[in-house]
Amino acid sequence: MIIGPFRIYQILLIIVMIIAIIFMYNRVRNKRSTPATFALWVVVWMVVLFFAFAPKISDPLAGFFGFSRGLDLLIIAGFAVIAYAGFRFYIKIDNLNQNMTDLVREIAIRNEIQLDEENDE
Amino acid sequence: MSNEISQNTEGIFLVVPAYNEERTVSQIIECIAERGYNVVLVNDGSADSTLELATESKRKYPDKIFVVSHVINRGLGAALKTGMMVALNKGAKYIITFDADGQHEISDIPNVCKPLQDGEADAVIGSRPFEDMPLSKSFANLVMNALTFIFYGRNVKDSQSGLRAFTAEAAEKIDVVSTGYGVSSEFIKEISDKNLRLAEVTITTIYTPETQHKGTDAIVGLKILGKMVIDLFRI
């Protein structure tokens with residue numbers, strides 16, 4: 001589907017990019033992310049937009065990796081990024097889980113049940 | 001839990017992890033303390049009155065029963081590690097892990113401790129005879145033994161037994177990170193990796209509705225398998 005000079009996926013991508021950049025900008029303002037992370041995401045989105053608006057340019061790159069169409073390369077690259085992100089999330093959650101267990105253990109050991117203290121209460 | 005066996009109980013600490021075990025916890029830890037053993041009861045974020053009952057038992061045996069409590073449930077492996085750390089802090093010479101659901105015979109404690117006290121082993125696993133188990137359990141445990149061998153290269157009679165014994169030196173070397181039931185296989189891995197001498201002792205297991213409800217069944221087995229595979233990629 002074509003709306004004006006744009007295809008619909010291009011319009012959707014621009015909307016998602018604007019939301020993502022606003023989200024990242026707020027995170028930087030609230031000191032939850034660094035400006036360097038923000039800059040990295042802006043660059044990533046610019047690259048995505050570049051290929052979205054000039055898909056033919058990706059064809060030689062696709063050929064280099066053995067794909068016939070640039071879009072195929074983008075889709076496979078997208079899946080790879082998502083798989084990598086999933087793996088990173090798993091590791092992060094696992095580390096958080098481990099930290100939580102260490103914390104719970106520390107609290108338990110420091111607060112061993114003492115009968116005298118209970119009687120005082 | 002009837003046979004009275006005389007044994008030097010000095011320095012022997014039993015680590016008992018408990019999660020919602022209000023029906024059995026008092027009887028088990030009081031029975032153990034009565035025999036002269038030290039008990040570290042780890043309440044693993046129970047929602048029932050396990051902690052209150054354990055505290056009541058401590059009033060009866062203040063010098064034998066030690067109670068620590070996880071504020072939230074962290075799983076069997078986490079509770080065992082907490083209990084072993086507490087036991088080591090209290091100067092344990094031998095540490096025995098013992099389930100709180102009533103499936104182990106207290107009279108087996110001297111048997112699993114003996115190879116350690118005789119200097120023949122650094123770690124002991126109490127093996128449950130599979131022929132005594134319900135069929136679904138024995139099959140699940142056979143599969144877990146095979147998986148433990150494939151992943152960790154150690155063939156043992158009962159990789160999922162909850163009754164284990166360690167010298168203090170061995171317990172200090174063992175570092176388990178699995179929080180759930182996967183910890184049983186991880187103990188085997190650690191024993192293997194740290195080159196600890198392992199002995200296996202046949203024990204009695206009491207099967208009741210409570211003891212059959214927990215432990216290794218097909219679902220738990222699949223979860224442990226998933227964890228083993230993921231651990232291969234652990235960074």
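If you're wondering where the values come from, they're calculated on a predicted model, not measured in any experiment. (Residues numbered from 1 in each chain as written. Chains lettered and ligands numbered in written order. Predicted model: local features only at pLDDT ≥ 70, side-chain atom pairs only at ≥ 80, totals over all residues. Heavy atoms only, no water.)

A. Quick peek at the packing of aromatic side chains. Residues and elements named next belong to chain B. For the coordinates displayed, the defined rule picks out five aromatic pairs over all chains. Both rings, one in Phe13 and one in Phe66, keep their centres 6.0 Å apart while their planes meet at 20°; by these two values the pair is stacked. Here the residue Phe13 occupies a position in strand β1 (residues 12-18), and Phe66 occupies one in strand β3 (residues 65-70), the gap between them amounting to 53 residues. For Phe66, a relative accessible area of 13% puts it in the buried group. (Phe/Tyr/Trp six-rings, centres within 6.5 Å; stacked < 30°, edge-to-face > 60°. Helix = DSSP H or I, 4+ residues; strand = E, 2+ residues; numbered from the N terminus. Buried < 20%, exposed > 50% of the residue type's maximum accessible area, 1.4 Å probe, protein only.)

B. Quick peek at the nonpolar core. All names here are of chain B. Leu14, Ile32, Leu41, Ile96, Phe98, Val112 and Val124 are the most contacted members of the largest nonpolar core, which totals 33 residues. Of all the elements in the fold, those that place two or more residues in this core are β1, α1 (25-34), β2 (38-44), β3, β4 (94-97), α4 (109-117) and β7 (198-202). Ranked by residue count, the leading element in this core is α1, at six residues. If we skip the residues at most four places from it in the chain, Ile32 touches Leu14, Val16, Tyr37, Val39, Phe98 and Ile106. In terms of nonpolar packing, the next biggest core, distinct from the first, is built from 24 residues, Val42, Met84, Phe166 and Val176 among them. (Core = buried A, V, L, I, M, F, W, Y, C linked by side-chain atoms within 4.5 Å. Contact = heavy atoms within 4.5 Å.)

C. Examining the UniProt feature "domain: Glycosyltransferase 2-like" (unreviewed entry) in chain B more closely. Those residues carrying the UniProt feature "domain: Glycosyltransferase 2-like" (unreviewed entry) are residues 14-141 of chain B in this numbering. This span, residues 14-141 of chain B, is 40% helix and 21% strand, and a straight line between its end C-alpha atoms measures 24 Å. (UniProt positions renumbered as here; feature names shortened; annotations may be inferred.)

D. Up close: the interface of chain B and chain A. Counting residues at the interface gives 27 residues for chain B, matched by 17 residues for chain A. For the pair chain B and chain A, the summed buried area comes to about 2000 Å², and 61% of that belongs to carbon and sulfur atoms. Sorting the residues of chain B by area buried against chain A places Lys58(B), Arg59(B) and Arg74(B) first, and these three jointly supply 23% of that buried surface. Joining chain B to chain A, the criterion identifies one salt bridge. Here Lys90(B) and Glu112(A) are joined by a salt bridge, their closest N and O atoms 3.1 Å apart. Scanning the region where chain B abuts chain A turns up six residue pairs in polar contact (both at pLDDT 80 or more). Secondary-structure elements contributing two or more residues to the side of chain B that touches chain A are α2 (50-60), β3, α3 (76-89) and α9 (218-232) of chain B. Counting residues per element, the side of chain B that touches chain A draws most heavily on α3(B), at six residues. Among the residues making up the side of chain B that touches chain A, the classes are represented as 14 nonpolar, six polar and seven charged. (Buried area = accessible area lost by both parts, 1.4 Å probe. Salt bridge = Lys/Arg side-chain N within 4 Å of Asp/Glu carboxyl O. Polar contact = N/O pair within 3.5 Å; in protein donor to acceptor, adjacent residues only side chain to side chain. Nonpolar A, V, L, I, M, F, W, Y, C, P; charged D, E, K, R; others polar.)

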